[in-house]
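Report on the structure
So you can see what is in the structure, the chains are spelled out below.
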Amino acid sequence: MSHVGVGPRAVMRSVAFLTAGALAVPALAACTSEEPKGKPLAGQDTAAAARARIADGATLRWAADSVPETLNAFQSDADATTTRVAQAVLPSMYRMDETGRPVRNPDYLESAEVVDTEPKQVVVYKLNQQAVWSDGREIGAADFAAQWRALSGKDSAYWTARNAGYDRIEKIERGGDDLEVKVTFSRPYADWKSLFTPLYPKDVMGTPDAFNDGARRELKTTAGPFAVKKVDTKEDEVVLTGNPRWWGEPAKLEQIVLRAVPREKRVSQLAAGKLDLAEIDPDTAEEVAVAAGPRDAGTATPLMGPQDSPSASRQGRSAAQALRSWAIAKGSDEDDAEEETLAREEREEALAKRERRQRALSGFEVRKSLEPAYTQLALNGADGPLADERVRRAVARALDRGKLAKAVLKPLGLPAEPVGSHVALAGQPAYADGSGALGEQNAKEARALLADAGWVPGGPVKKRKEGEKAAGAEGDKDGDGKKSEDGDDDGTYIVGEDEKNDGKNEDAGTDQESGEKHSSGKNTAQGGAPGAYAPKGTAAPAAAEAPVAKDGKALTLRFVLPSGPGSDALRTVADRVSDMLEKIGVGTDITKVPDDSYFKDHIASGEYDLALYSWPASAFPATDARPIYAKPVPAADGSLNVAQNYTRVGTDQVDQLFDRAMGTLDEGEARDLLRKADSRIWAAAGSIPLYQRPQLIAARKNLANAGAFGFETPVYQDMGFLKKGANGSRPSATPSS
């Protein structure tokens, strides 16, 4: 993925926090029962089209991140592809709409309502009378009961990843007829709509053996518009085919092939005609957009080149460069002429290859929105300097979250607003900006917090002996724990600990998430010395604050980042965060580690001070956000049971607010409680939401009802390719501001 994130809700959206002292929470804002008027920051971009305009048949080849290890969404190794398959082939009682709210799925559910609250909460589901499994059996109470028993947590023989909500069910029974399912809860449960989505057949949930092993590589019984034809690990693909027993609107596509393609290879696969739909990074999006733009009638090449320079020559060179090349090739120096002629031929060959690729990509377009997920800066509060809440709050107050959001989203033409909540995103009912509990960016107050914690600028700093760590740092090691030897890619870069400038200029780079062109920040105009060409009268840049120190050690925080090619954006954001921290005297020790070890060996194990990763949004924050922000508890062996509590920051008060929100059936009260919990999470400064992630999708121009879905659960039976003559007749969908 183009940005490191934690998997979807079906995989288990749990994580939590540990705090190192009492919270002093300012007066809470935005905690009234009145729901703020809002909508998602960006709308869908799926080339929506009526079913009548879509041709029957055809195969959709859709890029995926992996071939899933399991098709059971309730197992710990389920992933995003597991979720995608489950959405297409299994029942869901509720779906997420375009605003991130749960809505009834009429294909399976005629109605569902709470019919009693005293003495127990009782929900009655009335199922669609046409709903059947692919083996012809009706979907009914037996399937609900089997899933409840498997996920209740009472039988450890079931290897489940989560049991949230199912552990509150007391019994499930048949209602007035075969189409009614009556669910009685032992405790009130606000998020009851989160249950039984997806719903597996009793054949999968009925016994531990069937649950653990029966649905890993195949699903014999399904009940969606599609069925699983095969999971092909050799070809790295999952093939879904139409379900002949499907009772709803028939699927327009004959097959969906989910093909595992690494992000960096997707543009080549698109150009080769092997994919129709793929999530892409900003560089690929730019290439696709250029190829899809206006074209020269004679050459069929884009009018604007890759550098968006209409004055560039056919080879992407300036007129002066082209003239000089011609002169050398035709000149009297035979050796130079031969060398330049060969170079011209190589450039022509490369250009021809690029033009063929652009022609192949001209059949695609970029569909964009904001993903229902946010990127956060995580501060590990388990030990070290960040165990002190004052230091965490100082770090948080140093950040200009608005600038970070703009750096990522503005170049993509997407709304660039920082995320203001840990429990919801803009447009969802629980959303309200709770960041006021922490306070706005203020470097002066951040430095005061550091001073209060004993970290003062200009203090004596002991010279570190070889191998000795700075406060909060691991020393300059790469991801394998070995001393680095190769400069720029050594895995470690220390910011803010010293103020030496070697005068070297880093190569300009491209932000892989935002597409923003940037350099090291040094002025090297016309190839001169850094800063030499600032206009006369330009104010000098503010000097970095003197490093703060305590007990002879400078405050340097370990900033761990993934090193893969798809994570350039996180590294760009990390550089900007480091610059902001340097202004309050805090250094950062940036260490790049392999993607496959980033979570397991560093985040989950607590081997970091600062880190960037993402969480998905949920329609059920009381259930799904609670384990993310719950206070860790000591295990029987004396260790701290953190589960996925990556920041190790949390309080009893936050836990209680989530529990109360989960236990009330009053939606307004639940919303208020969630906002109060969010304000206290902000005050603890363990997790700092930065921005909603961009969602960039390359799609064939004639592919309808697919692309950047935003919040909404895809409707797989409506996807397809437009009929001949319908091409280009739809208006382009654009994100709303």
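Here's what I pulled together on the structure shown here.

The rules behind the values
- Residues numbered from 1 in each chain as written.
- Predicted model: local features only at pLDDT ≥ 70, side-chain atom pairs only at ≥ 80, totals over all residues.
- Heavy atoms only, no water.
- Pairing = 2+ DSSP bridges.
- Helix = DSSP H or I, 4+ residues; strand = E, 2+ residues; numbered from the N terminus.
- Patch = residues over 30% accessible without salt bridge, like charges linked within 9 Å, V, L, I, M, F, W, Y side chains within 5 Å.
- Areas by Shrake-Rupley, 256 points an atom, 1.4 Å probe, with all protein chains shown as cover.
- Salt bridge = Lys/Arg side-chain N within 4 Å of Asp/Glu carboxyl O.
- Lys, Arg positive; Asp, Glu negative; His and termini not counted.
- Charge placed at Lys NZ, Arg CZ, Asp CG, Glu CD.
- Buried < 20%, exposed > 50% of the residue type's maximum accessible area, 1.4 Å probe, protein only.
- Phe/Tyr/Trp six-rings, centres within 6.5 Å; stacked < 30°, edge-to-face > 60°.
- Lys NZ or Arg CZ within 6 Å of the ring centre and 35° of its normal.

**Comments concerning the sheet that holds strand E17 (residues 548-550)**
- Pairing in this open sheet of 3 strands is antiparallel, and the strands run E13-E17-E18 from one edge to the other. Two strands in the sheet have a free side with no partner beyond their single neighbour: strand E13 (456-457) and strand E18 (553-554).
- Pairing geometry for E17 and E18, over 2 bridges, is antiparallel. Of the residues in E18, the one forming a bridge with Lys550 is Lys553.

**Side note on a negative patch on the surface**
- On the surface, Asp333, Glu334, Asp335, Asp336, Glu338 and Glu339 cluster together to form a negatively charged patch.
- Tracing the backbone shows Glu334 in helix H8 (residues 334-361).

**A few points about the pairing of strand E24 (residues 687-700)**
- Judged by how many residues are buried, E24 sits mostly within the fold: 14 of 14 residues are covered.
- Relative to E24, strand E11 (residues 277-279) runs antiparallel, the two sharing 3 bridges. Residue Ala278 lies in a different strand from E24, and its bridge partner there is Ala698.
- Pairing geometry for strand E12 (residues 364-379) and E24, over 12 bridges, is antiparallel. Opposite Gln376, over in E24, you have Pro689 as the bridge partner.

**Comments concerning the pattern of salt bridges**
- Across all of its chains, the model carries 29 salt bridges by this definition.
- The closest approach of N and O atoms between Lys171 and Glu173, which form a salt bridge, is 3.8 Å.
- Residue classification places Lys171 among the partly exposed positions, given a relative accessible area of 37%.
- Sharing partners across several salt bridges, the network here consists of Asp65, Arg263, Arg266 and Glu279.

**Considerations on the packing of aromatic side chains**
- In total, this model carries 21 aromatic pairs according to the counting rule given.
- On the basis of an interplanar angle of 65 degrees and a centroid distance of 5.5 Å, the ring pair of Phe599 and Tyr613 is categorised as edge-to-face. Linking Phe599 in helix H13 (residues 595-603) with Tyr613 in strand E21 (residues 610-616), this pair joins segments that are 14 residues apart in sequence.
- A residue is classified by how much of its surface remains accessible, and Phe599, at 18% relative accessible area, is buried.
- Judged by its relative accessible area of 0%, Tyr613 falls in the buried class.
- An aromatic cluster is defined as three or more aromatic residues linked by ring pairs; in this entry it consists of Phe74, Tyr94, Tyr125, Phe144, Tyr166, Trp192, Phe196 and Tyr200.
- Above the plane of the ring of Trp62 lies Arg84, whose end atom (NZ or CZ) is 4.2 Å from the centre.

**Details of the pairing of E12**
- With 14 of 16 residues buried, E12 is to be regarded as a mostly interior element.
- In the sheet, E12 pairs with E21 via 7 bridges, with the strands oriented antiparallel. Paired with Gln376 across the bridge in E21 is Tyr613.

**Here's the deal with unusual backbone geometry**
- Between Glu118 and Pro119 the backbone carries a cis peptide bond, its omega angle lying at 0 degrees.
- Residue placement: Pro119 occurs in the loop between strand E4 (109-116) and strand E5 (122-127).
- A cis amide bond links Thr197 with the next residue in sequence, Pro198, at an omega value of -5 degrees.
- Locating Pro198 in the fold gives a position in the loop between strand E7 (180-185) and helix H3 (202-205).
- The backbone phi angle of Asp236 is positive, close to 55 degrees, even though this residue is not glycine.
- You can see Asp236 is positioned in the loop between strand E8 (226-232) and strand E9 (237-242).

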